[in-house]
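Structural characterization, general
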Amino acid sequence: MPGFELIGDEERAALNALFDEGGVLFAHGFDGMRKHFHVREFEGAVAERLKCSHALAVTSGTAATKIALKSLGVGLGDEVITQAFNFIATIEAILETGATPVIANVNDTLNMDPDELSTLITDRTKAIIPVHMLGVPAEMNEIMAIARAHTIPVLEDVCEALGAEYNGQPLGGLGDVAAISFDFGKVITCGEGGMVLTNNPAIDKFAREYHDHGHENNPSLPRGRDTKSIHGFNYRITEMQAVVGKTQLSRLNTILTMNLERYEAFAEVFGNATPTRRIPTAGKPINDAFIMLIAEQSIRERVIKTLNDAGFGTKNLPDAMEWHCAAYWDHALESKQVEHAAATRDLLMTAVAVPIWLRKTPVEYAALGEMVRHAVHE
Ligand SMILES: *Cc1c(COP(=O)(O)O)cnc(C)c1O
């Protein structure tokens, strides 16, 4: 899956070039000392690739989610609906704004269940966050229809699905705003980093000012005399992250192609030996995990052992369940939300994810498909 498997000479060369051309590491100003504004170029390249009119680089996906919520006006007393199969970051971002997280269970897509979403909406619901988990798009047609009917904005969490599509459109531009992540485990990486994506200029304007202490970045004024109308915080990234990020972005299509070759090699041999996670028909996933749903515990344990013995592991399901399921988050959620998420926990307990590693070959994935199929039928 991740870009860290392909990091190397090109990223190193990009960093050397940054120092050779003047070594300015700050995103703003110092015009006479530099040849590039790399953060701005990285934003432009991501916006173009994901077909969004605006992209704002920030320190992490978690920060991007918080900033996106702030830009939607979410705050104290509001409710934000998100899903039970998730990463804790989403909950943290909601709590940071002062709002209350409300948990929807997932369906057999392992993403937000639209039927349940409609039952959770109240007068206080201020935003909905579908999370495209493990590379598969959520059922956005259904989710957007419900959100639009209630005029509630949608924030897509694309942190785990950069490059996936829905209705032929890249994820990130389907809702009102989106968050992506470039942490070290993600599809592409610059160590730490994220972006806020939107097609709404007002959201971008707020997010841009908020992430930079309220700076309006007037081109006609020196930074020290810049104007401001809101106070914000510092969520800026450096030019170093941006040059690595730009290089990684140039590898995205290669990563997606390599994922698909490996995924298909596994799937072809494995066939339908077990039920699998349902992929929404309008969705084009990034194929970085093949997810089986195995209700029978003894079979499941054999499959997990096979994956571990073969050196592939099981990527989050079930490895890191406690960081990815709201049923384990009594440190952050109201107890009724934790209890409600038990249905998702029970479903996720049956899931086993075969991670797609770029450093393993399609031939190795075909062999793994054979081994896992035997483990199922043994
Ligand atoms: C990684 C991740 C985040 C947070 O991104 P960071 O850059 O690590 O802060 C948020 N949501 C999901 C679904 C993630 O996988």
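Scroll up a little and you will see the structure.
Residues numbered from 1 in each chain as written. Predicted model: local features only at pLDDT ≥ 70, side-chain atom pairs only at ≥ 80, totals over all residues. Heavy atoms only, no water.

Let us now look at helix H9 (residues 252-270). For H9, with 19 residues, the first-to-last C-alpha span of 27 Å sits near the 27 Å given by 1.5 Å per residue. Residues of H9 that are buried make contact with helix H2 (38-49), helix H8 (239-249), strand S11 (289-293), strand S12 (351-355) and helix H13 (362-377). (Helix = DSSP H or I, 4+ residues; strand = E, 2+ residues; numbered from the N terminus. Expected span 1.5 Å × (residues − 1). Contact = heavy atoms within 4.5 Å.)

The residue Leu 256 is located in helix H9 in this model. Here the alpha-carbon distance between Leu 256 and Asp 288, two residues 32 residues apart in the chain, equals 8.3 Å.

It is worth spelling out the packing of aromatic side chains at this point. With the rule as written, the count across this model stands at 11 aromatic pairs. For the pair Tyr 210 and Tyr 235, a centre-to-centre distance of 6.3 Å together with 25° between the ring planes defines the contact as stacked. With Tyr 210 in helix H7 (residues 201-210) and Tyr 235 in the loop between H7 and H8, this residue pair connects regions lying 25 residues apart in the sequence. In terms of burial, Tyr 210 and Tyr 235 fall into one category: buried. Taking the centre distance of 5.5 Å and the plane angle of 80° together, the rings of Phe 270 and Phe 290 count as edge-to-face. With Phe 270 in helix H9 and Phe 290 in strand S11, this pair connects stretches of sequence that are 20 residues apart. Neither residue differs from the other here; Phe 270 and Phe 290 are each classed as buried. Counting every residue linked through ring pairs, the aromatic cluster contains Phe 206, Tyr 210, Phe 233 and Tyr 235. (Phe/Tyr/Trp six-rings, centres within 6.5 Å; stacked < 30°, edge-to-face > 60°. Buried < 20%, exposed > 50% of the residue type's maximum accessible area, 1.4 Å probe, protein only.)

Counting across every chain of the model gives one cavity of 30 Å³ or more. Its boundaries defined by the atoms lining it, the largest cavity holds a volume of some 40 Å³. In terms of lining, the largest cavity is formed by Leu 134, Gly 135, Val 136, Tyr 263, Ile 279, Pro 285, Asn 287, Asp 288 and Ala 289. Within the lining of the largest cavity, the residues separate by chemical class into six nonpolar, two polar and one charged. (1 Å grid on protein atoms, 1.4 Å probe; cavity = no way out; pocket = protein on both sides within 12 Å on 5 of 7 lines; lining within 4 Å. Points joined across faces, edges and corners; volume = space filled by probe spheres on them. Nonpolar A, V, L, I, M, F, W, Y, C, P; charged D, E, K, R; others polar.)

Moving on, we come to the site of the ligand. Around the ligand, 14 residues are found, and the nearest of them are Thr 62, Glu 160, Ser 181, Asp 183 and Lys 186. A distance of 2.5 Å separates an oxygen atom of the ligand from a polar atom in the side chain of Thr 62. The contact in question runs from an oxygen atom of the ligand to an N or O atom on the side chain of Glu 160, over 2.7 Å. When the residues that make up the shell around the ligand are grouped by side-chain class, the tally is five nonpolar, five polar and four charged. (Near = heavy atom within 4 Å. Polar contact = N/O pair within 3.5 Å; in protein donor to acceptor, adjacent residues only side chain to side chain.)

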